[in-house]
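# Per-entry structural report
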Amino acid sequence: ADELVLYDITATAHGRAAILDVATRVAERCFMPLTIGGGVRTMEDVHALFRAGADKVSINSGAVADPELIRRASDHFGAQAIVLSIDAKRRSGADGWEVFTAGGRRATGLDAVAWAERGQALGAGEIVLNSIDADGMKTGYDLEATRAVARAVDLPVVASGGAGNADHMREVLEIGEADAALAAGIFHRSETTVGEVKRLLAAAGVPVRLDDLGPEPTA
């Protein structure tokens, strides 16, 4: 894998702090870029995650509540280390997508594309766009939403939510114009492997690193 992302998706809803103990244990054994998010509300939370071993800190609900948190974190740690995570849901009967917080539980009224643009202006160095509609459905990413955000910002956009197979990752990189594709369930359930995905992408002409692929892991 090119990167590992850890999200405590219920931290904000349950009022928990960031998962520092898990972050520390993972960082000790993980030798690839590590992004961690969930329950990040203050600069102290951001500091704590970097001390625990994060290479990048992802902010979602905390950024909606306090947008200047993005600027403060970016100014202190550098834009490359601060990720704006957006949970977006298509508006019922209307165009566009609305931003939700608290793990997708709380509507904000914010437009997802406009929020991504503001996040860039505030200093975020990367956008992770998670489709609430597609998440867990295994029917593919929201290509339209991903493409809309990717065209609106000059930042790397990571697509999240909906991967059911390796070809869905190809679709979001090519048709959805994402810079990277995030997946969880298909790997957790051993339905495919990172190596299989990368080989499919390479065969389709999508630039990927293959030289770091070792032998397929055994169960």
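Here the structure is shown first, and the text comes after it.
The text that follows walks through the structure, step by step, so that each part is easy to find. Keep in mind the model is a prediction, meaning the values are calculated, not measured. (Residues numbered from 1 in each chain as written. Predicted model: local features only at pLDDT ≥ 70, side-chain atom pairs only at ≥ 80, totals over all residues. Heavy atoms only, no water.)

## With respect to the packing of aromatic side chains
Per the counting criterion, the structure on display carries 1 aromatic pair. For the pair Phe 50 and Phe 77, a centre-to-centre distance of 4.4 Å together with 35 degrees between the ring planes defines the contact as tilted. Placement of Phe 50 in helix α3 (residues 43-52) and of Phe 77 in helix α5 (residues 68-77) is noted, with a sequence separation of 27 residues between them. Phe 50 gets classed as buried once you look at its relative accessible area, which sits at 18%. Relative accessible area serves as the criterion here: at 21%, Phe 77 is assigned to the partly exposed category. (Phe/Tyr/Trp six-rings, centres within 6.5 Å; stacked < 30°, edge-to-face > 60°. Helix = DSSP H or I, 4+ residues; strand = E, 2+ residues; numbered from the N terminus. Buried < 20%, exposed > 50% of the residue type's maximum accessible area, 1.4 Å probe, protein only.)

## Structural notes on the environment of Val 197
Tracing the chain through its elements places Val 197 in helix α10 (residues 194-203). Val 197 gets classed as buried once you look at its relative accessible area, which sits at 4%. Taking the C-alpha atoms as reference points, Val 197 and Thr 101, 96 residues apart in sequence, are found 30 Å from one another. Each residue touching Val 197, except ones within four places of it in the same chain, is listed here: Ala 166, Met 169, Phe 187 and Thr 192. (Contact = heavy atoms within 4.5 Å.)

## Some details on the pairing of strand β7 (residues 126-131)
The element β7 is largely enclosed, with a buried count of 6 among its 6 residues. On β7, burial covers both faces: Glu 126, Val 128 and Asn 130 on one face and Ile 127, Leu 129 and Ser 131 on the other are all buried. With 6 bridges connecting them, strand β4 (residues 82-90) and β7 associate as parallel partners. In the sheet register, Ser 85 faces β7, and the bridge partner there is Val 128. Where β7 and strand β8 (residues 157-160) come together, 4 bridges link them in parallel fashion. (Pairing = 2+ DSSP bridges.)

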